[in-house]
Amino acid sequence: MHRAWMGLCLVVALAAAACGGESTLTEYVEQVNAAINRGMSRYEVIIAGPQGQVLVAQGEDLYDFTPQDLQAGLEQVAALQTEIMEIVDDIEPPEQVAELHVLFFRTLPVAELATRAGNAASWEELSESPEMAAYRDALVADRQVCADFQDKLDATEQRGVFEDTPWIPGEFKEIVDTAIGCDALPENPQDMYRPPATP
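What counts and how
Residues numbered from 1 in each chain as written. Predicted model: local features only at pLDDT ≥ 70, side-chain atom pairs only at ≥ 80, totals over all residues. Heavy atoms only, no water. Helix = DSSP H or I, 4+ residues; strand = E, 2+ residues; numbered from the N terminus. Buried < 20%, exposed > 50% of the residue type's maximum accessible area, 1.4 Å probe, protein only. Contact = heavy atoms within 4.5 Å. Core = buried A, V, L, I, M, F, W, Y, C linked by side-chain atoms within 4.5 Å. Arc of directions from axis to C-beta. Salt bridge = Lys/Arg side-chain N within 4 Å of Asp/Glu carboxyl O. Phe/Tyr/Trp six-rings, centres within 6.5 Å; stacked < 30°, edge-to-face > 60°.

Assigned secondary structure in the protein consists of eight helices and zero strands. Counting from the amino terminus, helix and strand elements in the protein follow one another as α-α-α-α-α-α-α-α. Classification of the 199 residues of the protein by burial places 46% in the buried group. Taking contacts inside the protein between residues at least 6 apart in sequence as the whole, the part at least 24 apart equals 77%.

Right, here's the structure in full:
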């Protein structure tokens, strides 16, 4: 489930910036990069583990697993998300990028979906649940964040915020593309974990 990581990465991306004080722009970006690398490596361990493959299963491949398998994978992702959120709560971004910073603070309702998956008798039941609807809606919102971020980044750059650090806008763009997973977001989020229609 690449997308479970995307929402988590939005949080992980800034976790290392929580140093108890406001960072300079350069420090901020360096800390973000370090945190993304840390989070990505941890997620890759989850994907490679015994409960990992269900996280990326779609369509007919879902029938190789049960909703309870998905619960086990999602619980690992949810635990990582919770851990990082405890750090994120203390983050104070540089004032110049506070508006951009807000866009990073997006998490998916992973824990809620995991709980529902544990009680689902079938993929069809899980697919039609309110928890799955909320999860898919969050994916739709992330697609909008990807579109909105570039506009906000451009506006911030036009205010001269990056005059002394001209490399930062490109770095931010790369961070967001990685953190939100813009290039990997599903074209149709409403199809996530949706089993094939029966004839």
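A few words on the environment of leucine 70. Among the secondary structure elements, leucine 70 is positioned in helix H3 (residues 67-88). In this structure, the C-alpha to C-alpha distance between leucine 70 and tryptophan 123, residues 53 residues apart in sequence, is 10.0 Å. For leucine 70, the contacting residues outside a window of four places in its chain are Val54, Leu55, Trp123, Leu126 and Tyr193.

A few words on the nonpolar core. With 27 residues, the main nonpolar core has Leu55, Leu70, Leu74, Leu126, Tyr135 and Tyr193 as its most contacted residues. Of all the elements in the fold, those that place two or more residues in this core are helix H2 (25-48), H3, helix H5 (110-119), helix H6 (123-127) and helix H7 (130-158). At six residues, the largest contribution of residues to this core is made by H3.

Regarding H5, the residues found buried are Val110, Leu113, Ala114, Arg116 and Ala117. Buried residues of H5 fall within an arc of 165 degrees about the axis and therefore sit on the same side.

It is worth spelling out the pattern of salt bridges at this point. With the rule as written, the count across this model stands at four salt bridges. Through salt bridges with shared partners, a single network forms among Arg116, Glu125 and Glu131.

Glancing now at unusual backbone geometry. Within the chain, tyrosine 193 stands out as a residue other than glycine whose phi angle is a positive 55 degrees. Here tyrosine 193 shows up in the segment after helix H8 (168-181).

Turning to the side chain of serine 127, a few remarks are in order. Within the fold, serine 127 resides in helix H6. Not counting residues up to four positions away in its chain, the partners in contact with serine 127 are Met132, Arg136, Tyr193, Arg194 and Pro195.

Applying the stated rule across the entire model yields one aromatic pair. Aromatic pair tyrosine 135 and tyrosine 193: ring centres 6.2 Å apart, planes at 35 degrees, arrangement tilted. Taken together, the residues span a long stretch of sequence, with tyrosine 135 in helix H7 and tyrosine 193 in the segment after H8 at a distance of 58 residues. Neither tyrosine 135 nor tyrosine 193 differs from the other in exposure class; each is buried.

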